[in-house]
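Chain by chain, the residues run as shown.
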Amino acid sequence: MRIGIIGAGFIGRAVAQLLIAAGHEAMLSNSRGPKTLTSVASGIPGSQVGTVEQAAAFGDMVLLAIPFEYYPHVPAQWLAGKIVLDANNYYPDRDGQVPVLDRFETTTSRLIAEHFKDARVVKVFNAILANDLLTDGRPSHTPERRALPIAADDAEAKVAVTQLLDDVGFDTVDTGGLDDSWRFERAKPAYCVPLDKDGLRTALAAAEREVELPMGSWRR
Ligand SMILES: NC(=O)c1ccc[n+]([C@@H]2O[C@H](COP(=O)([O-])OP(=O)(O)OC[C@H]3O[C@@H](n4cnc5c(N)ncnc54)[C@H](OP(=O)(O)O)[C@@H]3O)[C@@H](O)[C@H]2O)c1
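Residues numbered from 1 in each chain as written. Predicted model: local features only at pLDDT ≥ 70, side-chain atom pairs only at ≥ 80, totals over all residues.

Student: Please set out helix α8 (residues 155-168) residue by residue, giving values where relevant.
Tutor: Taking 1.5 Å of rise per residue, the 14 residues of α8 would be expected to cover 20 Å, and the 20 Å separating its terminal C-alpha atoms lies within 8% of that figure. Buried within α8 are the following residues: Ala157, Lys158, Val161, Leu164 and Leu165. The buried residues of α8 occupy one face: seen down the axis, they fall within an arc of 125°. The exposed residues of α8 that point more than 90 degrees off its buried face are Ala155, Glu156 and Gln163. If you follow the buried residues of α8, they end up packed against β5 (83-86), β6 (120-123), β7 (147-152) and β8 (171-174). Once α8 finishes, glycine 169 follows within two positions and takes phi at roughly 115°, a positive value. (Helix = DSSP H or I, 4+ residues; strand = E, 2+ residues; numbered from the N terminus. Expected span 1.5 Å × (residues − 1). Buried ≥ 20, exposed ≤ 12 C-beta atoms within 10 Å, placed from the backbone. Arc of directions from axis to C-beta. Contact = placed C-beta atoms within 7 Å.)

Structure representation (structure tokens):
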């Protein structure tokens, strides 16, 4: 499968490495253009680089892995018809205050889906540290294999992303629609904690809508 990647930082590069190791194709992009990505390309053998528009057009799936505040800068029409893998998290200190999120009235992935209105958004890869992506993957059926939460409104897109996660080393727990994705947003019990399927289900069930864990408590 061909997957475009918008954002060539920690998470974009880690996912690109996983995809290529699993036999998929990945094109990375950033805001400054492919000339600034030569060292990224040479550091990830087999990766391709392009403009954001080229990465968006590259495949049927596109990973959005940029600081949350910048998603409105990506033209919605570039992702029309795509499955958008939304890895983003809201950090007010970095992204600025977003009152509807501060009041727990919506989710980051719902806001992103409202912008990319002709795309099928799947929340995925947001609740694992980039470094853990490179170390925690295991073959299918490995006991206690790490599971990642996903959420989406489109059942077919969820099936495709579940297969992709299996390819790159992870089980999946389906958390529901985009409006349920708050259960694994920043500072919830399932956020960036290594858990197998059963443990992840327990952590997701323990989440409370307006309760946040202390900042950074998820870092090992
Ligand atoms: N780091 C993690 O462990 C981790 C884990 C899970 C989820 N996340 C989430 O994933 C997102 C990315 O995090 P990160 O740590 O990978 O960030 P990062 O290392 O700071 O990299 C951000 C990347 O986004 C690019 N970018 C910024 N604005 C852009 C735009 N308008 N168009 C295209 N590219 C743009 C930057 O390119 P330029 O340098 O050219 O601007 C850079 O390549 C965040 O929402 C974060 O919360 C991170």
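Student: For the site of the ligand, give the residues involved together with the corresponding values.
Tutor: Gly7, Gly9, Asn30, Asn89 and Ala130 are the nearest of the 24 residues found near the ligand. Top element by residues in the shell around the ligand is helix α1 (residues 10-21). It accounts for 3 residues. Of the residues contributing to the shell around the ligand, the split by class is 14 nonpolar, 9 polar and 1 charged. (Near = placed C-beta within 6 Å. Nonpolar A, V, L, I, M, F, W, Y, C, P; charged D, E, K, R; others polar.)

Student: Account for the environment of valine 40, naming residues and giving values.
Tutor: Here valine 40 is to be found in helix α2 (residues 38-43). Accessibility expressed as a C-beta count within 10 Å gives 18 for valine 40, which makes it partly exposed. When the C-alpha positions of valine 40 and arginine 13 are compared, they lie 7.8 Å apart, and in sequence the two are 27 residues distant. Look past the residues within four positions of valine 40 in its chain and what remains in contact with it is Ala8, Arg13, Leu28 and Val49.

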